[in-house]
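Okay, here's what each chain looks like letter by letter:
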Amino acid sequence: FALLARMETADVTERRRAATELATLAEKDPLGRLAVERLCQLVTPEADALVFQSVLAAVAEDESEAAHRIAYAAVGHAAAEVRRRGCLHLAMHPDPKHTPVLLPAVEDEAESVAAAAVQALGACGHATDAGALTELMRVGDEPLQLEAALALVQLDDPSGIAALERLAYSRDVAVRRRVAEKMGQLSDPAFTPTLIRLLDDRVSVIRAALTALPQTVGEDKSLSPDGTQPTTTERVRRWKAWYASR
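Quick notes on the rules
Residue indices begin from 1 for each chain and proceed along its sequence in written order. pLDDT decides what is reported in this predicted model: residues at 70 or higher carry local features, side-chain atom pairs at 80 or more are listed and counted, and totals for whole chains, interfaces and linings draw on all residues regardless. Heavy atoms throughout the structure, all of them, feed into the side-chain values; hydrogens and water do not. Only runs of H or I of at least four residues qualify as helices and only runs of E of at least two qualify as strands under DSSP, and these elements are numbered from the N terminus. Two N or O atoms count as a polar contact when they lie within 3.5 Å, although within protein this holds only if one can serve as hydrogen donor and the other as acceptor, and sequence-adjacent residues are included solely when both atoms are side-chain atoms. Any two residues having at least one pair of non-hydrogen atoms within 4.5 Å are treated as being in contact. Salt bridges are identified by distance alone: a Lys or Arg side-chain nitrogen within 4 Å of an Asp or Glu carboxyl oxygen. Throughout this description, buried means an accessible area under 20% of the type-specific maximum (1.4 Å probe, protein chains only), exposed means over 50%, and partly exposed covers the range between. Axes here mean lines fitted to C-alpha atoms, for a helix over just the part in contact, with angles spanning 0 to 180 degrees between N-to-C directions. Throughout, the term roughly parallel applies to angles under 35 degrees, roughly antiparallel to angles over 145, roughly perpendicular to angles from 65 to 115, and oblique to all others. Each crossing is labelled by how the near helix is turned from the far one, with a counterclockwise turn of less than a right angle marking it left-handed and a clockwise turn marking it right-handed. Residues were grouped as follows: Ala, Val, Leu, Ile, Met, Phe, Trp, Tyr, Cys and Pro as nonpolar; Asp, Glu, Lys and Arg as charged; and all remaining residues, including Gly, as polar.

Mapped onto the elements of the fold, His98 is located in the loop between α6 (80-92) and α7 (99-105). A distance of 2.7 Å separates polar atoms of two side chains, one belonging to His98 and the other to Tyr72. For His98, the contacting residues outside a window of four places in its chain are His68, Tyr72, Leu90, His93 and Cys124.

Next comes the structure, spelled out in structure tokens:
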């Protein structure tokens, strides 16, 4: 509460110091309910981005209503990084009630904020979000389309799977690599043919596909019987041979 009192000063440097110390304190001992309530009152009108970011760090693990209100205020902040972190906080503590706050953020002018809002919508799992996410598949750039596709998958919308398959043909090698990584994380056997095809891609994409394939298939078909680690080229050959033999 002494730190909270210091955050009432008009001196932004002092507010920054107090907020930083508060975040450090919260790492060791979570803030109590009354402290978070008071923090919410203090930070809602806060214009300084560094102060707000430290406050978000202080309540990162807090699932209280007051912490959610802090994140809501962050999503409406003037600084893009604060808005992004506000969306990420809501993604970490998903609840369908966050939807009205997150939907406008999907159209944020900052790409990073829009992507974080899309992630949060997918985590919140509200079926009515699908319309806005589907629209992003038509108007957003490919990295944002990828986030929208993953969110749609989380919402059990079949268009998400189709979008991931399409993005695997992206001209952007970074997008193709991330598609391979995400397909592995989703562990859906339906992605196996796409991952096999990505074994003919750039080295970074091939490595991502080799990591993802055991996750989708359930076991690593490229391992040597004696436990030795085969080369990347040999692993690719073994996976292709296995797939061709099915």
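Once that is clear, we can look at the pattern of salt bridges. Working definition: two side chains of opposite charge can pair if their charged atoms are close together. The full count for this structure, using the stated rule, is 18 salt bridges. Note that Glu81 and Arg84 form a salt bridge whose closest N and O atoms lie 2.7 Å from each other. Taken together, the positions of Glu81 and Arg84, both in helix α6 and three residues apart, correspond to about one turn of that helix. By relative accessible area, which is 28% here, Glu81 ends up partly exposed. On the basis of relative accessibility, which here comes to 24%, the residue Arg84 falls in the partly exposed class. Residues Glu234 and Arg238 are paired through a salt bridge, measuring 2.8 Å at the closest nitrogen-oxygen approach. Linking Glu234 with Arg238, this pair stays in helix α15 (residues 232-245), spanning four residues, or about one helical turn. With relative accessibility at 22%, the residue Glu234 sits in the partly exposed group. Since its relative accessible area comes to 21%, Arg238 is described here as partly exposed. Look at the salt bridges and you will find they share partners, linking Arg6, Glu14 and Glu21 into a network.

With their axes 7 Å apart at the nearest point, helix α12 (residues 173-186) and helix α14 (residues 203-217) run at an angle of 15 degrees to one another. Relative to α14, the element α12 lies roughly parallel. In this structure, the crossing between α12 and α14 has a hand that is left-handed. Only Ser204, Val205, Ala208, Ala209, Ala212, Gln215 and Thr216 of α14 make contact with α12, whose side of the interface consists of Val173, Arg176, Arg177, Ala180, Glu181, Met183, Gly184 and Gln185. Grouping the constituent residues of the contact of α12 with α14 by class yields seven nonpolar, five polar and three charged.

We now examine helix α5 (residues 65-75). Of all the eleven residues making up α5, eight are buried; the element is thus mostly covered by neighbouring parts of the structure. What α5 keeps buried is the set Ala66, Ala67, His68, Ile70, Ala71, Ala73, Ala74 and Val75. In the core, the buried residues of α5 are packed alongside α3 (33-43), α4 (49-58), α6 and α7.

Across the interface, helix α10 (residues 142-154) lies against helix α11 (residues 158-167) with an axial gap of 7 Å and an inter-helix angle of 145 degrees. Relative to α11, α10 is oriented so that their crossing is left-handed. Contacts between α10 and α11 pair Glu142, Gln145, Leu146, Ala149, Leu150, Leu152 and Val153 from the former with Ser159, Gly160, Ile161, Ala163, Leu164, Arg166 and Leu167 from the latter. A breakdown of the residues in the contact of α10 with α11 according to their chemical character gives nine nonpolar, three polar and two charged.

Note that every value here comes from positions in space, so none of it alone points to a role or purpose.
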